[in-house]
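Commentary on secondary and tertiary structure
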Amino acid sequence: MQAILGVLFHSLGGIAAGSFYMPYNKVKGWAWESYWMLGGLVSWFIVPPFAAWLTIPNFMEIIGTASSSVLFFTFLMGLLWGVGGLSYGLGIRYLGMSLGNSVVLGFCAAFGALVPPIYYNLVPTEGKVTFTEMLSSTGGQVVLLGVALCILGIAICGKAGMLKEKQLSDAEKKKSVAEFNLVKGLLVAILSGILSAFFNFGIESGKPLAEAAVASGHDALFANNVTFVVILWGGLTTNLFWTTMLSVKNKSYNDFKNKHTPITKNILFASFAGLIWFLQFFFYGMGESKLGNGASSWILHMSTIILTANLWGIYRKEWKGVARKTKMTIIAGIVVILLSVVLVGIGNSI
């Protein structure tokens, strides 16, 4: 039952994350930094403490009494994750929902699954599995095979993007993805995929916060909400700094008073996107409380996002007009990534 609930919560989080970008597509006449800033304020500054207050009423007391090292490293992981989240938006902007999410989240899944055991090889910690232990056990070997398959899936998705680049005219590319740019998009997506995995490391760094919530009598199902406050405020710092710079440079702060745009609707859609973005973490925290913060939790979450985002990409006709071979290539890449998740799950169960 624990495992079933964990899979359910991770899937709900993945569906939310894979869907969050859709409301942004409804924003009209605003610069990217304007709606990204507003969505970020909702998802990283406003909603996290509200969710924590609803589930862990004394969350600020827990944060206030935590050690400075726990808070520093948890915030730092959030800061670095924030760079990944910032470049994630750009990756989707240049590659589209299907290809962008497959590359970004494929890298994120692989990196997030591999780095913790390598770290515990360097810093042995009781109860934590090291990379060496993974290599020497059947279950660990199956997990590593799953990670290798995940990287292969990324390569196949990248190949699909290259085929799309060759087959479509500039005008056709703009119809599906307004600012399609394969080279720029892949570079940004790879950076985003690696740095986005730091959210997983933030959960690990902030584990004492979640443990303190449980020790004070709260349900372990929601304990991660305390940790998320610190991680997401780290992410907010990065994103707010960058979007503010762009807003001043481009004078796009005028978007918020531009009566030639649907201001009210834009605010609602950007805020809704921010709420959906946060829900992925809310459900992930619930799933992690049932499955633990191992490779299977992280990759299960990532794969659900990839699947959801690709379904949205198909709905938005991002692959319309390409040859059958190209469509089959992107489908093959997605299938390989999903297969990697199955292997990781099997390996963890062993």
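Described in the following lines is the structure provided in the data block. (Residues numbered from 1 in each chain as written. Predicted model: local features only at pLDDT ≥ 70, side-chain atom pairs only at ≥ 80, totals over all residues. Heavy atoms only, no water.)

Let us look at the overall build of the protein. A tally of helices and strands in the protein yields 16 helices and 0 strands. Scored against the burial criterion, the 350 residues of the protein give a buried share of 54%. Considering only contacts in the protein between residues 6 or more positions apart, those separated by 24 or more positions represent 84%. Total accessible area on the protein is roughly 15400 Å²; 70% of this is exposed by carbon and sulfur atoms. (Helix = DSSP H or I, 4+ residues; strand = E, 2+ residues; numbered from the N terminus. Buried < 20%, exposed > 50% of the residue type's maximum accessible area, 1.4 Å probe, protein only. Contact = heavy atoms within 4.5 Å. Areas by Shrake-Rupley, 256 points an atom, 1.4 Å probe, with all protein chains shown as cover.)

Okay, the side chain of N225 next. By the secondary structure assignment, N225 is in helix α13 (residues 224–250). Residue N225 is classed as buried on the basis of its relative accessible area, which comes to 3%. Those residues in contact with N225 that sit more than four places away from it in its chain are A51, A52, T55 and F282.

Turning our eyes to something else, we now look at the environment of I151. As for its position among the elements, I151 is in helix α8 (residues 138–167). When the C-alpha atoms of I151 and V103 are compared, they prove to be 9.3 Å apart, with 48 residues separating the residues in sequence.

Looking now at the environment of V27. Tracing the backbone shows V27 in the loop between α2 (21–24) and α3 (32–55). In this structure V27 comes out as buried when scored by relative accessible area, which is 10%. Through-space distance from the C-alpha of V27 to that of P262 is 8.2 Å; in sequence the pair is 235 residues apart. Residue contacts for V27: discarding those within four places in its chain leaves Y35, N266, F269 and A270.

Take the packing of aromatic side chains next. Going through the model one piece at a time under the given rule, you end up with 20 aromatic pairs. Centroid distance W81 to W277: 6.5 Å. Interplanar angle 25°. Geometry classified as stacked. With W81 in helix α5 (residues 68–95) and W277 in helix α14 (residues 263–291), this pair connects stretches of sequence that are 196 residues apart. Arranged with centres 6.3 Å apart and planes meeting at 45°, the rings of F278 and F282 form a pair that is tilted. Of this pair, F278 and F282 both sit in helix α14, separated by 4 residues, roughly a single helical turn. (Phe/Tyr/Trp six-rings, centres within 6.5 Å; stacked < 30°, edge-to-face > 60°.)

With respect to the helices, strands and loops of the structure, Q141 is situated in helix α8. Q141 sits in the partly exposed class, given a relative accessible area of 43%. Each C-alpha atom, one on Q141 and one on V344, is 9.4 Å from the other, the two residues being 203 residues apart in sequence.

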